[in-house]
Amino acid sequence: MTALGILWFCLIFVLIAGYFVLDGFDLGAGALSPFVAKNDRERAIVRRSIGPVWDGNEVWLLTAGGALFAAFAPAYATTFSGFYLAIMLVLMGLIVRAVSLEYRAHDPKWGRAWGILFFVGSLLPALLTGVAVGNIYAGIPLDANGDYTGIPLLGLVTPFTLLCGLLGLSVFLTQGATWLSLKAPKGSDLRGRAAALRLPLGIVSLVLFVLVSVYGHFIIQPEMAPELSILRWLFALLFVVAVVAMIAMAKKGESGDLAAFLCSSASAVVLVGLLAASMFPNLVVNTAGENITIATAASSDLSLAWMTGITCVGLPLVLIYHVIIYRTYRGRVTEQEAETY
């Protein structure tokens, strides 16, 4: 297990964390849209709040998949083939969400259908992402070639993975509620409904986090690096602190909207950090044999070195793009801006 292998293990989880934060709020906003937006104007504000950024946010997921393929090809092959049907459902959700966002303003006659597709296309990826993470953490049966030998799709849904899916969904919904509270016009009913959801969603996230932690520790009992136990406890504590801080900031009204969103984003980041600390050095846990680890799946040091050099150039450019786009579209959505959505 080389230093570059460890570095890319960490970088892949950084990319996943970026996806959880950025695409988390627009998936959450889409999944919440039928419950917080009660008319066409409010639904347009929801779409406008994520319209300029949603496609750029998805780049983090694509980059994480590409990095996994280049850095740890056996882990990529196992996860993408074993979770084939689940991944196709996620992609289907992302596709129909994109289509609904692009077509809604140009085809108002089918507005109700586009709204349903927007909701389903946001809900499916938010739920199934957590289910997939739960399977990677708990382990899946693999043969000697690293091929998945369980029941397609149904074999991936267990009480634990379903809990993980619900935890991921609750975090995404919390992100969506804090984002809509931040972007909806001040004093609007839309902002009020989204803000009212932050407290119950935060509580649900904490309860699910405790259930997943207890279930995983006492029933799943995965192999974890003992030297990282302090780091795991730190991440767990930070998650609770971030969610509690989000709830506290949410009680400040509109003046606390930005702080509540940042605290919610921090909870998503530390949750991914906890997953990384719990998985290390495993990439895929095999319940029927040897795990796929950093040492067994890493590409050559030369390949990882080239990837690191490219990342040092490309990642700052991506971050600069995000700074520019979010700065350009900062502030709350106005009634006039929502008319085009």
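Structure shown above.
A.B. asks: Before we go on, may I ask you to explain the nonpolar core in this structure?
C.D. replies: Side chains that are nonpolar tend, in soluble globular proteins, to be buried together. W8, F9, F72 and F239 are the most contacted members of the largest nonpolar core, which has 95 residues in total. The element best represented in this core is helix α1 (residues 3-36), accounting for 17 residues. The residues contacting F9, other than those within four sequence positions of it, are F72, A276, M279, F280, N282, L283 and I294.

A.B. asks: Explain the layout of surface pockets to me, please; I cannot follow it from the model alone.
C.D. replies: Where empty space is left can be seen by rolling a probe of water-molecule size over the atoms. Taken as a whole, the largest pocket spans an internal volume of roughly 870 Å³. I16, L61, G65, L68 and F80 are the residues nearest the centre of the largest pocket, which is lined by 31 residues in total. Those elements that provide at least two residues to the lining of the largest pocket are α1, α4 (59-71), α5 (73-82), α6 (84-104), α7 (111-138), α12 (257-279) and β1 (282-284). A total of 6 residues in the lining of the largest pocket trace back to one element, the largest contributor, which is α4. For the lining of the largest pocket, the per-class residue count stands at 25 nonpolar, 5 polar and 1 charged. Reported here for the second largest pocket is a volume of approximately 730 Å³.

Calculation rules
Here the residue index of a chain counts from 1 through its sequence in written order. At least 70 in pLDDT is required for a residue's local features to be given in this predicted model, at least 80 for side-chain atom pairs to be given and counted, and no such filter applies to totals for whole chains, interfaces and linings, which use all residues. Working from all heavy atoms in the structure, the side-chain values ignore hydrogens and water. By nonpolar core we mean a set of buried residues, namely Ala, Val, Leu, Ile, Met, Phe, Trp, Tyr and Cys, connected to one another through side-chain atoms within 4.5 Å. The buried label applies to any residue whose accessible area, calculated with a 1.4 Å probe on protein chains only, is under 20% of its type's maximum; exposed applies above 50%, and partly exposed to all values in between. The secondary structure listing takes helices from DSSP runs of H or I that are at least 4 residues long and strands from runs of E that are at least 2 residues long, numbered from the N terminus. It only takes one pair of heavy atoms within 4.5 Å for two residues to be counted as in contact. With a 1 Å grid laid over protein atoms only, a set of points is called a cavity when a 1.4 Å probe fits there but cannot get out and a pocket when it is open yet has protein on both sides within 12 Å along at least five of seven lines; lining residues have an atom within 4 Å of a point. Grid points are joined across faces, edges and corners, and a volume is the space filled by probe spheres set on the points. Any residue that is not Ala, Val, Leu, Ile, Met, Phe, Trp, Tyr, Cys, Pro, Asp, Glu, Lys or Arg is counted as polar, Gly included; the first ten are nonpolar and the last four charged.

Worth remembering: the numbers are spatial, not functional.
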